[in-house]
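Working through the structure, step by step
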Amino acid sequence: MDPTLAARTLTASTEIATAALSGQDPDAVLDLVVRAAAELAEADLGLVMAGSDDGSLTVEAAYGARATNPIGLVLSSRSSAARVARGGVPIVADDVTTDPRTSPYVPRELTAYGPFAAAPFGTRESRLGALTVYRRRGRKPFTGGTVEVLTAFAAQAGLVLVLAEGRNAHERVGLYEERERIARDLHDVIIQRLYAAGMQLDLLARRPTRKLPKPDATRLTDAVDQLDAAIADVRAVVRTLRNPDPAPQADLAESVEAEVATARELLGFDPSFEITGDIADVPADLADHLRAALREALSNVVRHAGALRVAVHLVRTPATLRLTIADDGCGIPQGVSERGLKNLRERAEQVDGHCHVRSSPRSGTTVTWEVPLRRVSRPL
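Residues numbered from 1 in each chain as written. Predicted model: local features only at pLDDT ≥ 70, side-chain atom pairs only at ≥ 80, totals over all residues. Heavy atoms only, no water.

**Quick look at helix 3 (residues 80-87)**
Taken together, the buried positions of helix 3 are S80, A81, A82, V84 and A85. Buried residues belonging to helix 3 abut strand 1 (45-51), strand 2 (57-63), strand 3 (74-75), strand 4 (91-93), strand 5 (113-122) and strand 6 (127-136). Of the residues one or two after helix 3, G88 is the one with positive phi, at around 80°. (Buried < 20%, exposed > 50% of the residue type's maximum accessible area, 1.4 Å probe, protein only. Helix = DSSP H or I, 4+ residues; strand = E, 2+ residues; numbered from the N terminus. Contact = heavy atoms within 4.5 Å.)

See below:
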């Protein structure tokens, strides 16, 4: 191999290894790979193609293409590049459009090129695809030495990307495990302690044998409000830690069940819980309001009701989403602050719904929170 070409190959491989192992964006690393391949081969066009399950190849990165943009171009599983990717044996042709091995599957975007070479990209154990280079028609074909350099470079660059992906995957697993540990500690320890503190303060404020001065009662009420806000903030942090990607929505059924499970720990018994209908396609904004409404209603039961039985029922009908929380507790005393019930009503009204509360000392309290599903498109 020409010493100058060998030195350039080593420099390019080092640059790619540094970029890949330092955590650079994979697309940026592929751009480095295809640029280096085209320059080392003195080609007019370089392509990196990734393989798919059906054997076809998709162009992921390109260098030197001015007239057309081949990114996203799909080559048949029977194309010469696909055969190179599968078999691991490079191929070279004087003219890609006339050579019988290559011509049947040349896409229109590449018919302006003649000399062609393709090398397998990746390792024997993890074949990523193919690295191809092209020269304009009329230029000299690629020599055997150039193809040899291209093949060695493609193998080195592919190995670096495989190692980098393994390293990144290991780091992601470690990050997710740490997120889950922190989320679990926040949920299982911090939230429970905040709940317990809030319940004790609230019971103290309502103790009939000791009438607190109004300033002290106000301070206690404010402290309970602050604890409620802190619990909501911690819950939001837990959801973010467990679902760092904002695009996918949390499963509504699972999150509702989690709210009931939290109440179970504080009540000391199992509330009954039932879902009727399919809630998988409930819009994200309605799902968020419903979770918050359930949390507020169960918090009221835990802190005020003294109940021995609680039933939670979520019903999806073609037109509405209805949540019912019923308990057999002491009911809502006359004159008690209704800030929690006000929050429930306001959340329902924000999405054109309503919240109805039925309560008595003998039968307990039933909260019915219902919103319309007009924004859900159902199949015909």
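**Some remarks on the confidence of the model for the chain**
Residues at a pLDDT of 70 or more form 73% of the chain, whose mean pLDDT is 78. Here residues 245-249 is a poorly scored stretch, pLDDT under 50, and it has one contact once near neighbours within four places are set aside; other chains count. Residue range residues 375-380 is modelled with pLDDT below 50. Its contacts to residues more than four positions away, or to other chains, number 10 contacts. (pLDDT = per-residue confidence, 0-100.)

**Comments concerning the sheet that holds strand 1**
Strand order in the open sheet formed by six strands is 3-2-1-6-5-4, and the pairing between neighbours is antiparallel. In this open sheet, the two edge strands, each paired with only one partner strand, are strand 3 and strand 4. Here strand 1 runs beside strand 6; their pairing, made up of six bridges, is antiparallel. Among the inter-strand pairings, V48 is bridged to a residue of strand 6, identified as L131. Lying on the sheet, helix 3 is in contact with strand 1, strand 2, strand 3, strand 4, strand 5 and strand 6; it crosses strand 6 at an angle near 140°. (Pairing = 2+ DSSP bridges. Axes fitted to C-alpha atoms, helices over the stretch in contact; angles between N-to-C directions.)

**Overview of the sheet that holds strand 8 (residues 310-316)**
Paired through backbone hydrogen bonds, the strands of a sheet run either parallel or antiparallel to each other. Strand order in the open sheet formed by five strands is 7-8-9-11-10, with mixed pairing between adjacent strands. At either margin of the open sheet sits one strand with a lone partner, and together these are strand 7 (272-276) and strand 10 (354-360). Recorded for the sheet is a direction-independent mean angle of 10° between the axes of neighbouring strands. Strand direction decides the pairing type here: strand 10 and strand 11 (residues 364-372), joined by seven bridges, are antiparallel. Note on strand 11: the bridge partner recorded for H356 is T368. On top of the sheet, helix 6 (residues 252-267) reaches strand 7 and strand 8; it is set at about 165° to strand 7, its chief contact.

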